[in-house]
Structures are given as structure tokens and as C-alpha cells.
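An overview of the molecular structure
Letter by letter, the chains look like this.
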Amino acid sequence: MTLRKTPTAFLGSAASAAVLALTLLAPAPSLAARIRTPPIRTTTTPTTTTPTTTTPTTTTPTPTTTTTTTTPTTTTTTTPTTTTSTATSTTCGSESLPAKPGGGQWACSFDDEFNATTGDASTLNTSWWTPTVTATSGYFTGSLPYPVCYVNSPNNISVSGGALHLTVRETTTPYNCGGYPTYFTGGMVTSVNSLNQTYGRFEVSALLPQSTAEGLQETLWLYPKTLAYGAWPASGEVDFSEFYSEYSSLDVPYIHYNYNSATTNPATNTNVVTAYCPISLTQYNAYAVTWEPGSFTITINGNVCLIDNYQADGGLSGAQPFNQPMFMALTQALGAAGSDQFTQGVTQLPATTSIKYVRAWK
């Protein structure tokens, strides 16, 4: 997620004592910077996924994404369990995958359908999901003077109608968020205390906020449990779905790591870190990433959006830095500084991302 979030205490109250310090990171690349180079995948996206809203013209948006978001490390002294909602099986939910690219069968490692089949039709299963809480973690998104305070509240995190709902909303009175006041609260959950996996396939079916006005952002992403190769982005991050409401006909995934931009080669998919892929805002879309040593393939509704055969620099080689366990994070946010930033009286609130299922295979 590029607002900049860079994770703080995803760890929740049970492990918050392990968070010893907050580290302010450099801003992530701006959306404007992305637009200068990424390929637009058109041949792999069928017309059935063409968005109902007008696709942006060739005039590229020019937002910046400088924020004041704080960001602690994610190193913890606790070892998470691997509690999942399914026994080992080739099927997650009702979905069976074909053979792995290199041969062999996928095994379901995590499955939450947010309904009676996984036992959580009306309440978040907190043995699988850890709500992010700003007051104990220091984590927020957006930009001053409109920071989003993440809270564990049914107003922001709820389960009903076969889906998890993550909502950002404006409060009528100032909300004391761990010592600073704000009028904005948000919902975010992670699998940091249940699923941390190296390689595999991760898939989320999501319905995004039904808004084309500027100021909203949604991200479905993977982040390392431990920053083994240094502070962001050296240890990597995979935003396999990223949505900006001002550009609501597009999904803009982004893979973060240190690399030499001169080595980017779309012909071989080398260090191709982002793309613009059409989506339909009015339906649930299945966002997935297949993670192999040295490669990520991101798809939307089964259609290829982005392939990155990554080659990190900074002294790294082979599959580094993406050779370590990562957890899933699901975030509803406000946009940061730039043309997609929150604008009072323009951005439509409350805004909700609904998640129909989360599945992982290994």
C-alpha cells in the first residue's frame, strides 16, 4: 500500500509490547511516478471485466503520495500459530486450482468465507484476523490534517451478509486516537498472528467502495513478518490490489523492493513492478497473486494483470528479499496528498470495502 502505511503494529494488543520503536520511512513512489513506465495489460483482460465507469484518458493523473504515516517495524518475539479455517485440501471454499506451474498440486492453507461454512457468519474470527489499532500501534493512513485512526469497532469492522466489511467514516466529534485528535476512523485486519507463508497463491474477492470521487484508497497486500533485509522497501511488500477512487475504473497493483530501474524490461517481465488493469466497480472481483521464487503473477478474475520476474539489488540475489514469510493485510483508507487525497465535501463517506472470501494455497 503506497499511502504510506508502512506497517506499524500489525501485531495487535497481544504482541504490542514487542513493538519497541516507530521508524519513519521515506515516502513510497507516487502514483504519478507509476504512470510514467508501467505496461497497461489490455490483451489479457476480457471485455467482461471492462469497468462501467469511463476509463481515464491518456492525460495521466499527477498525484503525489507524501504522507506523515508512521511506521514501526514488524519484528516480534512471538511465534505465530498457523491456525486456518480448513484442513489441508486441494480445495479452498468451492475453488480447486489446476496443477502448480512447476508441477504438483496446490494445498489449501487458509480459507475464510465469512459465512456459516467457516463458522464466522456474523463475527470476525479473531484467531484468524487481528484488527489493527492505531492507539496501541501508532499506525495510520491518509495525510495531515486528515489521518485515519484504525479502531476495533463494529462501526469499522463487521461481518454480515456473507462478507467482511471494512469501513472508513467521519465522526461528528473529535476522536482521541492515542493522544492525537482526528475525525476519521477506519477498519483494517491482518493475518499476522495466524498465517505467515512463504510462496503460494493468495486470493481475495472484494467489492470496492462505490465511489468515483477522489479521496479513497483500498489495498490488499502482503508484508513480511520480519524485516530481514532492512527497512521498507528493502524487505519487500506486495500490493496485489490497490484502488484509488478518483481512478475508479482501474486497479493499480504495485510490488515494492529495491531494484535498478534501468533493468526494467517488459519483454521479459523483469522488474515490472506495476500495471493499470481495468475493473468493474459494481461487482465483486477476485484479486490474486501467485508467488514463486523470483516471480509474482497478479490476476484479476483469472486474467493476468501483472507479471514481475524480480531482480532486487542492494547486494541481494536469487529470490531475496521475497524468500521469507509474509502475512496478509486488508485495508480501507483515505487517499494521501495528491489528486486522490481526501477532500472535505468531495470524498464520499462512509466508504466500505467488502470481502467475500480470503483464500491461500501453498
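Above: the structure in question.
The text that follows walks through the structure, step by step, so that each part is easy to find. Only a predicted model underlies this, so the values are computations on that prediction, with no experimental measurement involved.

**Description of the overall build of the protein**
Looking only at helices and strands, the protein features three helices and 21 strands. Counting over 362 residues, the protein shows a buried share of 56%. Looking at the protein as shown, the accessible area adds up to about 13,600 Å², and 54% of this sits on carbon and sulfur atoms.

**What to know about the environment of Phe240**
Structurally, the position occupied by Phe240 is in strand E13 (residues 237–244). Sequence spacing of Phe240 and Phe296 is 56 residues, and the spatial spacing of their C-alpha atoms is 9.4 Å. The residues contacting Phe240, other than those within four sequence positions of it, are Phe202, Val204, Leu220, Trp221, Leu222, Asp251, Pro253, Tyr287, Ala288, Val289 and Ile298.

**Here we look at the sheet that holds strand E10 (residues 188–190)**
Strand order in the open sheet formed by six strands is E4-E10-E20-E12-E13-E15, with antiparallel pairing between adjacent strands. The strands lining the two open edges of the sheet, one partner per strand, are strand E4 (130–131) and strand E15 (254–256). Across two bridges, E4 lies against E10 in antiparallel orientation. Bridge pairing links Thr130 to Thr190 in E10.

**Looking at the state of the cysteines**
In protein structure, a disulfide is the covalent linkage between the sulfur atoms of two cysteines. Taken as a whole and assessed by the stated rule, the structure comprises three disulfides. Two residues share a disulfide in this structure: Cys92 and Cys108, whose sulfurs sit 1.9 Å from each other. Its S-S torsion of about 100° marks the bond between Cys92 and Cys108 as right-handed, since a negative value means left-handed. With a gap of 16 residues between them, Cys92 in strand E1 (residues 91–92) and Cys108 in strand E3 (residues 108–112) connect regions that are remote in the sequence. Residue classification places Cys92 among the buried residues on the basis of a relative accessible area of 0%. With its sulfur 1.9 Å from that of its partner, Cys149 forms a disulfide with Cys177. Measuring handedness by torsion sign, the sulfur bridge of Cys149 and Cys177 sits at about 85° and is right-handed. Note that Cys149 is positioned in strand E6 (residues 146–150) and Cys177 in strand E8 (residues 163–177), a separation of 28 residues in sequence. The pair formed by Cys149 and Cys177 is uniform in burial state, with each residue classed as buried.

**Describing the packing of aromatic side chains**
This structure, assessed with the given rule, holds 19 aromatic pairs. Between the aromatic rings of Tyr146 and Phe184, the centroid separation amounts to 5.7 Å while the plane-to-plane angle is 85°, which identifies the pairing as edge-to-face. Residue Tyr146 is located in strand E6, and its partner Phe184 is located in strand E9 (residues 180–186); the two are separated by 38 residues in the primary sequence. Overall, the relative accessible area of 25% leaves Tyr146 in the partly exposed class. Between the aromatic rings of Trp291 and Phe296, the centroid separation amounts to 5.9 Å while the plane-to-plane angle is 25°, which identifies the pairing as stacked. A residue is classified by how much of its surface remains accessible, and Trp291, at 1% relative accessible area, is buried. Take Phe296: its relative accessible area is 0%, and that puts it in the buried class. Clustering of aromatic rings is evident, with ring pairs tying together Tyr199, Phe202, Tyr257, Tyr259, Trp291, Phe296, Tyr310 and Phe322.

**Some thoughts on the environment of Gln210**
Secondary-structure assignment places Gln210 in the loop between strand E11 (200–207) and strand E12 (216–224). Gln210 sits 138 residues away from Gln348 along the chain, and the two C-alpha atoms are 9.2 Å apart. Those residues in contact with Gln210 that lie beyond four places of it in its chain are Leu281, Thr282 and Gln348. Of the polar contacts made by the side chain of Gln210, one reaches the backbone oxygen of Leu208; its length is 2.8 Å. A polar contact is formed between the side chain of Gln210 and the backbone oxygen of Leu281, at a distance of 2.5 Å.

**Brief notes about the side chain of Asn271**
When you line up the elements, Asn271 lands in the loop between E15 and strand E16 (277–278). The buried category is assigned to Asn271, whose relative accessible area is 1%. Apart from residues no more than four positions distant in its own chain, Asn271 is found in contact with Tyr257, Tyr259, Asn260, Thr263, Thr264, Asp308, Asn309, Tyr310 and Gln311.

**A few points about the pattern of salt bridges**
Evaluation of the coordinates by the stated rule reveals three salt bridges. When the shortest N-O distance is used, the salt bridge between Glu95 and Arg359 registers 2.7 Å. Taken as a pair, Glu95 in strand E2 (residues 95–96) and Arg359 in strand E21 (residues 351–361) lie far apart in primary sequence, 264 residues in all. For Arg359, a relative accessible area of 5% gives the class buried. Of the charged contacts in the structure, one is a salt bridge between Arg359 and Glu113, with a shortest N-O distance of 2.9 Å. Placement of the pair is Arg359 in strand E21 and Glu113 in the loop between E3 and E4, with a sequence separation of 246 residues. In this structure, a network of salt bridges that share partners links the residues Glu95, Glu113 and Arg359.

Definitions and cut-offs
- Residues numbered from 1 in each chain as written.
- Predicted model: local features only at pLDDT ≥ 70, side-chain atom pairs only at ≥ 80, totals over all residues.
- Heavy atoms only, no water.
- Helix = DSSP H or I, 4+ residues; strand = E, 2+ residues; numbered from the N terminus.
- Buried < 20%, exposed > 50% of the residue type's maximum accessible area, 1.4 Å probe, protein only.
- Areas by Shrake-Rupley, 256 points an atom, 1.4 Å probe, with all protein chains shown as cover.
- Contact = heavy atoms within 4.5 Å.
- Pairing = 2+ DSSP bridges.
- Disulfide = S-S within 2.5 Å.
- Phe/Tyr/Trp six-rings, centres within 6.5 Å; stacked < 30°, edge-to-face > 60°.
- Polar contact = N/O pair within 3.5 Å; in protein donor to acceptor, adjacent residues only side chain to side chain.
- Salt bridge = Lys/Arg side-chain N within 4 Å of Asp/Glu carboxyl O.

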